[in-house]
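Spelled out from the first residue to the last, the chains are:
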Amino acid sequence: MLALEHVTKTFASGGAAEVKALDDLSLAIGDGDFVTVIGSNGAGKSTLLKAIVGLTQPEAGRVTLDGRDITRDPVHRRAGLFGRIAQDPNDSTCAGMTIEENLAMAAKRGQSRWLRRAVTSELRERFRGALAEIGLGLESRLDTRIGLLSGGQRQTIALLMATLAGPRLLLLDEHLAALDPKTAELVMALTDRLVGERRLTTLMITHNMADAIRWGNRLVMMHRGRIIFEAAGPAKARLTVSGLVAKFHEAGHIDLADDRMLLS
Amino acid sequence: MNLLQALASNTFEQGLLFAFLGFGVLLTFRFFRFPDLTAEGSYPLGGAVVAALLVAGFNPFAATFGAALAGAGAGILTALIHTRLRVNAIIAGIIVMTAVYSVNLRVMGRANTPLLSTRSVFGDIVAGLNAIGIPAVENAATNIAILSVFVVIVALLLAAFLRTDLGLAVRATGENETMIRALGVDTDWTKIVGLGLSNFLIALSGALVAQNHGFADIGMGIGILVTGAAAVLIGEAIFGDRTIGWWIAAALVGVLIYRLLVVLALYVGLQPTDLKLITAVLLLAALALPKLRGAR
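Fair warning: this is a prediction, and the values are worked out from it, not measured in the lab.

Chemist: Would you explain the overall build of chain B in this entry?
Modeler: Scanning chain B for helices and strands turns up 13 helices and two strands. For chain B, whose C-alpha radius of gyration is 19 Å, the value lies close to the compact-globule estimate of 19 Å for 296 residues. Here chain B holds 296 residues, and the buried ones make up 53% of them. Intrachain contacts of chain B at a sequence separation of at least 6 include 78% that bridge at least 24 residues.

Written as structure tokens, this is what we have:
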């Protein structure tokens, strides 16, 4: 179980532009949970994720995994625990390296790397099988450089990379946002399938309310660094987009007109 | 020797000596995407250390290896300054390059060490061949053959390394540091490996050049990074951006073409003193031509 306990992170601390990206936030994610996170711009969604993986250090509170405090562990030392995909397909893959090289790097997530040949024939077979399941025809293009693929294909590879080494927690940071609707649908369906098959504990940040309702078993709504609404199980299943909008209004601080949250 | 032969031997012999330099610069300039100025120190450091060791009577192979290791040390120092003290990588290179200049003078005890009466890897290999009954004489053709074997071995080793788990991590460090850190790689370590290996190869070039030319000189490294970068870019312009084997082949072809262009420039009447100017123009051309071509 991953837990954030009273985590606070302030940017531009003390100045006029002080922003509390995370404000005494607590969240526990049980094994097997698929949590979707929604919130307006600047709600602290990405900071939440960064605090989990170690890209940002909270000034108060702690992050624990199975009771072990990992708040101060450097990114590379806790990397074995997390599979992460960012919004921009360029961020989660190496464009100048081939599909199989990228996958091989991900297969070694969190392990020591020495002078063993990275892409063995055994690994290559494994990659081929995993790619064939996806059905994009990428299994015959293992030695194609990632930079030559489309955004959707790159995000698909990123998804495979994130799940390949069996992470404790899969972190999706608006991983569909840069894709066209049809590709986004495909990548999301694949995400859900992989999460289901491998029973991955997942945290998915999205700005698409419909997606947040449709996927996962828990939903968390953030605003100004706090969780302002939460729903799980059957209660979550009954949520509607208009109902969520109302929740935002209830919270009393939403201006949907200049928000990029999608209501569709 | 006719003109063509002279041209060929001058291109290949000097070009192959620079091949290791090309490989080293490829690692930093292309994969790490910054011009590592440590090269300006590690190249003459290779020459200085090999000269000192040869004068002291060391075996030429051990001396050459020791010289390359000294270069690796300079590269590791740059990486440590960059990662631990958070100094910009280029500035870190300049600091080490400057410091190494004095080290080189200390190592040699003077600005120029002649190596005409000492042993060399080339001389030792010829002697070894003669001892097993193969008639060989120390000349340009023999040196080209010896260097070709060296270059092929080092190129294969380098290609193999860049396909290992660690090699992939080193390449990814230059390309997408955030990603490879998220995959659990300590990029401080991979930078140390990359810069160490790069300067190992560059110092190897310096050590072989010193033995081939018969002297080590404090000024031999001036502009060497530009030479390496020009070679890498020329190769890249011809081969394009492809897989790792192509990159290494491109660097090798790049140094040879670079040498050919220099030899031709000297042949049409430019003086050896114009060499740095020629090199600078070649680098500029290699940088600008692809852009001009793309603009059309």
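The structure having been displayed, the exposition proceeds.
Chemist: I keep staring at the environment of Gly228(B) and nothing clicks. Help me out?
Modeler: Residue and element names in this part refer to chain B. Assignment of secondary structure puts Gly228 in helix H11 (residues 224-239). With 161 residues separating them along the chain, Gly228 and Ala67 place their C-alpha atoms 19 Å apart. Contact partners of Gly228, with chain neighbours within four places excluded, come to Leu21, Gly22, Gly24, Val25 and Ala39.

Chemist: Looking at this structure, how should I read the interface of chain B and chain A?
Modeler: Many authors give the size of an interface as the accessible area that is lost as the parts come together. Contacts between chain B and chain A engage 20 residues on the former and 28 residues on the latter. Mapped by element, the contributors of at least two residues to the side of chain B that touches chain A are helix H8 (165-175) and helix H9 (177-182) of chain B. Broken down by element, the side of chain B that touches chain A gets its largest block of residues, seven residues, from H8(B). Of the residues assigned to the side of chain B that touches chain A, the class counts are nine nonpolar, five polar and six charged.

Chemist: Mind showing me how you'd approach the packing of H11(B) against helix H12 (residues 244-267) of chain B here?
Modeler: How two helices sit against one another is set out by the angle between their axes and by the gap between those axes. Residues and elements named next belong to chain B. It is the contact of H11 with H12, at a shortest axis distance of 7 Å, that shows an interaxial angle of 115°. Where H11 crosses over H12, the handedness of that crossing is right-handed. Touching Thr227, Ala230, Ala231, Val232, Ile234, Gly235, Glu236, Ile238 and Phe239 of H11 are Trp246, Ala249, Ala250, Ala251, Val253, Gly254, Val255, Ile257 and Tyr258, all from H12. A per-class count over the contact of H11 with H12 returns 14 nonpolar, three polar and one charged.

Chemist: In this structure, what is going on with the environment of Leu160(A)? I would like to understand it.
Modeler: All names here are of chain A. For Leu160, the location among the structural elements is in helix H6 (residues 151-164). With 53 residues separating them along the chain, Leu160 and Ala107 place their C-alpha atoms 9.6 Å apart. When neighbours within four sequence positions are excluded, Leu160 is seen to be in contact with Leu103 and Ala130.

Chemist: I keep staring at helix H1 (residues 45-53) of chain A and nothing clicks. Help me out?
Modeler: Think of an α-helix as 3.6 residues a turn; residues three or four steps apart then line up on the same face. Residue and element names in this part refer to chain A. Counting buried residues in H1 gives nine out of nine residues, a clear majority hidden from the surface. Of the positions making up H1, those classed as buried are Lys45, Ser46, Thr47, Leu48, Leu49, Lys50, Ala51, Ile52 and Val53. Of the residues trailing H1, Gly54 is marked for its positive phi of about 100°.

Chemist: Sorry if this is basic, but what is going on with the nonpolar core here?
Modeler: In a soluble, globular protein the nonpolar side chains are often hidden away together inside. Counting residues in each nonpolar core, the largest one holds 170 residues, and the members touching the most others are Val50(B), Ala203(B) and Ala251(B). With residues up to four places along the chain from it excluded, the contact list for Val50(B) reads Ala63(B), Thr64(B), Ala67(B), Ala207(B), Ala210(B), Gln211(B) and Ala216(B).

Chemist: Looking at this structure, how should I read unusual backbone geometry?
Modeler: Note: most residues except glycine have negative phi, and most peptide bonds are trans. One non-glycine residue, Asp24(A), lies in positive phi territory at about 55°. Residue placement: Asp24(A) occurs in strand E2 (residues 19-29). Of note in this structure, Arg86(B) is not a glycine but carries a positive phi near 55°. Mapped onto the fold, Arg86(B) is located in the loop between helix H4 (60-84) and helix H5 (89-108).

Chemist: Just to check I follow, could you spell out the sheet that holds strand E1 (residues 2-11) of chain A for this structure?
Modeler: The pairing of strands in a sheet happens through backbone hydrogen bonds and is either parallel or antiparallel. Residue and element names in this part refer to chain A. With respect to topology, four strands assemble into an open sheet ordered E2-E1-E4-E5, the strand pairing being antiparallel. Unpaired on one side and paired on the other, E2 and strand E5 (68-69) mark the two borders of the sheet. One ladder, built from five bridges, connects E1 with strand E4 (residues 60-65); its direction is antiparallel. Paired with Leu4 across the bridge in E4 is Val63. Here H1 sits on the sheet in contact with E1, E2 and E4, set at roughly 120° to E1.

Chemist: Sorry if this is basic, but what is going on with the packing of helix H2 (residues 19-32) of chain B against H11(B) here?
Modeler: All names here are of chain B. Between H2 and H11, whose axes approach to 9 Å, the crossing angle comes to 85°. As the angle between them shows, H2 and H11 are arranged roughly perpendicular. Here H2 contributes Leu21, Gly22, Gly24, Val25, Leu26, Phe29 and Arg30 to the contact with H11, which in turn contributes Ile224, Leu225, Thr227, Gly228, Ala229, Ala231 and Val232. Residue composition of the contact of H2 with H11, grouped by class: nine nonpolar, four polar and one charged.

Chemist: Please explain the sheet that holds strand E10 (residues 226-232) of chain A as it appears in this structure.
Modeler: Residues and elements named next belong to chain A. Taken together, six strands build an open sheet; the order of strands is E6-E7-E8-E3-E9-E10 and the sheet is mixed. Two strands in the sheet have a free side with no partner beyond their single neighbour: strand E6 (82-85) and E10. Averaged over neighbouring strand pairs, the angle between their axes works out to 15° when direction is ignored. Where strand E3 (residues 34-39) lies against strand E9 (residues 218-223), five bridges are found, and the strand directions are parallel. In the strand pairing of E9, Val35 is matched with Arg218. H6 contacts E6 and strand E7 (169-173) of the sheet and is inclined by roughly 170° relative to E6.

Chemist: Is there a simple way to think about the pairing of E10(A) in this case?
Modeler: Remark: a regular strand shows side chains that alternate across the two faces of the sheet. All names here are of chain A. Bridge analysis of E9 against E10 gives six bridges, and the strand direction is antiparallel. Residue pairing in the sheet places His223 in a bridge with Arg226 of E10. Hairpin connection from E9 to E10: two residues lie between these consecutive antiparallel strands, with Arg224 at a positive phi of about 45°.

Chemist: For this particular structure, what's the right way to read the pairing of E3(A)?
Modeler: All names here are of chain A. Across the six residues of E3, six count as buried, placing the element largely inside the fold. When E3 meets strand E8 (residues 201-205), the two strands line up parallel, connected through four bridges. Within E8, the residue paired with Thr36 across the bridge is Met204.

Rules and cut-offs
Residues numbered from 1 in each chain as written. Chains lettered and ligands numbered in written order. Predicted model: local features only at pLDDT ≥ 70, side-chain atom pairs only at ≥ 80, totals over all residues. Helix = DSSP H or I, 4+ residues; strand = E, 2+ residues; numbered from the N terminus. Rg over C-alpha atoms; globule rule 2.2 N^0.38 Å. Buried ≥ 20, exposed ≤ 12 C-beta atoms within 10 Å, placed from the backbone. Contact = placed C-beta atoms within 7 Å. Nonpolar A, V, L, I, M, F, W, Y, C, P; charged D, E, K, R; others polar. Axes fitted to C-alpha atoms, helices over the stretch in contact; angles between N-to-C directions. Left-handed = near helix turned anticlockwise from the far one by under 90°. Core = buried A, V, L, I, M, F, W, Y, C linked by C-beta atoms within 7 Å. Pairing = 2+ DSSP bridges. Parallel < 35°, antiparallel > 145°, perpendicular 65-115°, else oblique.

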